[in-house]
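Understanding the architecture of this molecule
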Amino acid sequence: MSEWISTNRHRDSSSSRLGATNTLKLGRKHRPDYLLVVLIVALALIGLVVLFSITPALTNGDDTATWHFMLRQGLFLVAGLIAFLIASRVPLNFWHQHGTKLFVLAFIACFALPIMGWLKIPPAYCTLGACRWYSLGSIGTFQPVEFLKFGTVICVAGFLAMRAAQHKLNSFKESLLPLALMVLAILLVIVVMQKDLGTGVALVAIVLTQLVIAGVKPKILTLAVLSLVVVGVLSILIAPHRLARIATFFGQGNEVADYHINQAMIALGSGGLTGRGLGQSIQAFGWLPEAIHDSIFAILGETLGFVGLCVIILIFAALLKQIITKVDFIENTYLRLIVAGVFGWLMAHVVMNIGAMTNLLPLTGITLPLVSFGGTSMLFIMASLGVVFAISRYTTHRKVELEKGDERANPMRGRWLGRPHYADRRDH
Amino acid sequence: MEERPKISRTQWLTFGLFFILAIFVVRLFYIQIIEHDKYAVLADQMQINKRTINPERGEFFVRDKDGTLTPLVLNQTVYTVFADPTQINDIEKIRNLIQQVAGGQAITKNFDKLNDTSTQYVVLARQVTHTQAEQIRDADLAGVGLQATSRRVYPEGSLAAQTLGFVNVDGEGQYGLEQYLNQELTGEPGVLQSVTDVRHIPLTIGAHDVSIPAKNGTDYVLSIDRGIQANVERVLADGLAKVGATKGSVVVMETGTGRIVAMANLPSYDPASYNQVTDAAIFQNTITMRPYEPGSVIKPFTIGAAMDVGSIGRYSTFHNTGCVMIADARICNLSRQFDGQILDMTEVLRYSLNTGVVWALEQMGGGDINLTARQRFYDYLTEHYRFVQKTNIEISGEAIGLIMQPDSPNGAKVTYSNMTFGQGLNVTMIQVIVAFAAAINGGTYYQPTLILGTINKNGELVEQKPKTIATDILKPEMSKNLKEMLRAIRSENPYTLQFDRGYYVGGKSGTAETIDPATGKYGGPTIGSYLGFIGDETGEPKYAIMVRVDDGHVAAGSTTGTAAAQPIFDEISRFVIDYEGITK
């Protein structure tokens, strides 16, 4: 890992198409994609409204507590929007220059947590033997893995973009081995030490998506997926609680292990076509565990029914489509890979969360992005979307064609060919 | 280097994403639309808590002399202690606590089942009191629960036991008032149905909420007077002891209302421990359930009927021959010292002359016990005196008795002759005393009842009005004659006078022969009865009293009617006069 970082800092001028001064060459700035904002706000508002509607269930109908809870939820959303705004205003060069530092910082935060937990140092907050949070007193808790996902997106994008520019993307020694070591280090901390398989899968999904978009050979991709499957199986076999969840998934679990998923199915099934209606959720009253966090999708299904869930899935589809489509209209590899990473991140969360709630995938305890109540998750997903929003200012008008034999089109070349790359009809 | 794909990698990812999301939509369609009913049912089963609210069984109260209400039958909440072996964690602690708190109520043989996790319900103790239950609850042992149940308690012990009946373990009334009034006493269960949270605390949301309060059973105030009942039971017990008898009954009724103020049977039992009774016959209320041949206490009814149809008058006389032949049967008087005398009807009752009442029956047929005589007598017994039908007193399992039809082909004449002095017909004491009250009170037959009224929501007594069934049992004049004739029997007798002390008291004894089960013929032990009344200074009857002694042993030459039953009547009538402040 340190090898490639130092390489990055070395600024190999002979191969730097990103600019010898480590500065991103950006095209003409145009109006950003406001549809992203519309879709994000739509999801967050649906989440907030349903959350508000079940708040009495969470506070036992205590008016003061209900008000406080609603205020907190609102503040989290506001904080998320602020994170989005800041991230969308930060110059893209900033991420390019400090991506590695952010990743290292996040990694240390994650790595220190279980150690502090074992040593019983106060800020570390552990439940059920898993140390995943820093306690921040009255503000709440901070989950550093969310930061790590953000850092991973930025950092891996930088690394792969550099290797791509060096035409060493498919080099085992220089590109794939360092990346594999990095992923293994992440998995060691997240899956083994923090016992959080879901987040591990999300992180792997981020990196894999970035590898796919970077243009790694299919053979290597297949190899990577196969080795990850082996790692995944091993990680399941060494942890009894994961085995139990897998057993539940295959209908072999005991009543306690099945409880969560059964309650989610009852919530969804009893919702029917149009749902019980806002404020009519019964499963939120303690029946369904994690009602406002990982299980919010089931509560949405109970409240808004099949129709409501279809709308939500449609919004997610539109948002993800909107994000991934950007990739084809960005010439800069680094930015492409950031967008790909954010896509992988969101998609992993959406698929794993909905998959678990509909009993298609084992339960991994992962949030539904933008909808679940959860400060840290909301904050960093918003920030990453803010970055995507910022990148959306620099899309080309036409699809970027990748030349054969070149993983990345040379943005400089394209630019001088006089194509209206950065034009946007709406803007000009 | 890579071949340029025909479809870009972003497109592949997009397709992949849409494919997965489409699977989700299909899956959701399956869960939310196709399997909606299944999950809706599952949700309801889990979320909706339906609870039956048990109504409280009605209680019984009796009046004291001053009119205050005293509970006779009450409910007490007791608890069943149970454990769920799958939930408990300290068997030793549970054993010790239950043994220490519940003591004798602990079901120690069940303690071994605490290890058996295949069951979720082991009863550790039954009938634990509220105080004991609180101690168990305060110990807060995991997996140990309390179940409230109700049991009947009897502050007056065995008082009026057969009249009350008891309540079995299933909460159903058995025998007596408890069974007869079971529906009214039970009330109606309420339902509390609501959507609840995971701790089963009801929520305000949901359209399934139902709240029907339980309708508690009716509380009754009995017409039984606690003082009279207690005295009657004591006097009856003493009276039976004096003649070496074990079985006897007394019923005391208000002649002007039909209300029963005392109803006692011996041997008796304690309803609280009814399950220790080995002979179920003890549960039976002899007064309403065991018809018998009452003997000469029927004679006033015969004279009354003959006077009422106009066949004889109060002062009609007949020639007492001591014995008469009816068909092939010879009917004789018990006392032969009046043979050959011309006697009137009062003397027939006083000396209890069988030949006299047979003569009266003959007069109803114009001098012969023909079909007309039998028809008329039968009509009086069944239509006027209302024998062979239920009186509908509030005691379950009332018997109706048996009287031979007047047109029966064989032996009707002899049987009807026997019936004039209370043999050859089966009646219950309750039938006799109600008919007797009607025969002497001017002819009004009141519905006999054990119920004075009910207690309303405000705790006030709502009296039940006396119910008149018929007013023409006997013509008022004939009723008055009969009453005066019966009074004369006691007032002109120095022995009875000492009890009556000049009060208006009348009565007639009876000693019935019974059929010996060994031979199938008359010759078994005699049953002694006494039927009388108490009137006020104007002679208006106030109380009728009937006594029955089944197995008394009296000296030769004496009868169980006069030596076993009558002393009990004497005692009770004197007590009632004083207790109720009857004027003279």
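Our subject is the structure that appears above.
This write-up is about the structure you can find in this document.

Procedures and definitions
Residues numbered from 1 in each chain as written. Chains lettered and ligands numbered in written order. Predicted model: local features only at pLDDT ≥ 70, side-chain atom pairs only at ≥ 80, totals over all residues. Helix = DSSP H or I, 4+ residues; strand = E, 2+ residues; numbered from the N terminus. Buried ≥ 20, exposed ≤ 12 C-beta atoms within 10 Å, placed from the backbone. Contact = placed C-beta atoms within 7 Å. Nonpolar A, V, L, I, M, F, W, Y, C, P; charged D, E, K, R; others polar. Pairing = 2+ DSSP bridges. Axes fitted to C-alpha atoms, helices over the stretch in contact; angles between N-to-C directions. Core = buried A, V, L, I, M, F, W, Y, C linked by C-beta atoms within 7 Å. Parallel < 35°, antiparallel > 145°, perpendicular 65-115°, else oblique. Left-handed = near helix turned anticlockwise from the far one by under 90°.

A few points about the overall build of chain A
Assigned secondary structure in chain A consists of 14 helices and three strands. The buried share of chain A, taken over its 428 residues, is 48%. Summarising the internal contacts of chain A: among those between residues at least 6 apart in sequence, 73% fall at separations of at least 24.

Comments concerning the interface of chain A and chain B
Interfaces are frequently sized by the accessible area removed from exposure as the parts join. Listed per partner, the contact involves 39 residues of chain A and 36 residues of chain B. Secondary-structure elements contributing two or more residues to the side of chain A that touches chain B are α7 (197-214), α10 (255-271), α11 (296-327) and α12 (333-357) of chain A. Broken down by element, the side of chain A that touches chain B gets its largest block of residues, 12 residues, from α11(A). A per-class count over the side of chain A that touches chain B returns 22 nonpolar, 13 polar and four charged.

Examining the sheet that holds strand β12 (residues 260-266) of chain B
Residue and element names in this part refer to chain B. Strands sit in the order β12-β11-β23-β22-β21 across an open sheet of five strands; the sheet is antiparallel. With partners counted over all chains shown, the strands left at the sheet margins are β12 and β21 (504-512), one partner each. On average, each strand axis in the sheet is inclined to that of its neighbour by 10 degrees, with strand direction left out of account. One ladder, built from seven bridges, connects strand β11 (residues 248-254) with strand β23 (residues 541-549); its direction is antiparallel. Bridge pairing links V250 to V547 in β23. Running over the sheet, helix α16 (residues 476-491) touches β21 and β23 and is turned about 80 degrees from β21.

Quick word on the nonpolar core
By size, the foremost hydrophobic cluster in this structure holds 132 residues, and its most contacted members are A:I299, A:L320, A:I338, A:V339 and A:V342. Once you skip the residues sitting within four places of it in the chain, A:I338 turns out to touch A:V153, A:I154, A:A157, A:V387 and A:I391. With 116 residues, the next largest nonpolar core counts B:V62, B:Y220, B:A544 and B:V576 among its residues.

Brief notes about the environment of B:N54
Residues and elements named next belong to chain B. Looking at the secondary structure, you find N54 in the loop between β1 (48-53) and β2 (60-63). With 16 C-beta atoms counted inside 10 Å, the residue N54 sits in the partly exposed group. Distance in space between the C-alpha atoms of N54 and T186 is 9.2 Å, their sequence separation being 132 residues. N54 has contacts with P189 and A214, leaving out every residue within four places of it along the chain.

Quick look at the sheet that holds β1(B)
Residue and element names in this part refer to chain B. Sheet architecture is open: three strands sit in the order β1-β8-β9, paired in antiparallel fashion. Two strands lie at the open edges of the sheet, namely β1 and β9 (210-212), each paired on one side alone. Averaged over all adjacent pairs, the angle separating strand axes in this sheet is 15 degrees, with direction ignored. Pairing between strand β8 (residues 190-195) and β9: three bridges, direction antiparallel. Paired with L192 across the bridge in β9 is S211.

Section: the packing of helix α5 (residues 144-165) of chain A against helix α13 (residues 375-391) of chain A
All names here are of chain A. One can describe the packing of α5 onto α13 by two numbers: an axis separation of 8 Å at closest approach and a directional angle of 15 degrees. Relative to α13, the element α5 is oriented roughly parallel. For the pair α5 and α13, the sense of crossing is right-handed. Where α5 abuts α13, its residues E146, F147, K149, F150 and V153 lie against T376, S377, L379, F380, A383 and S384.

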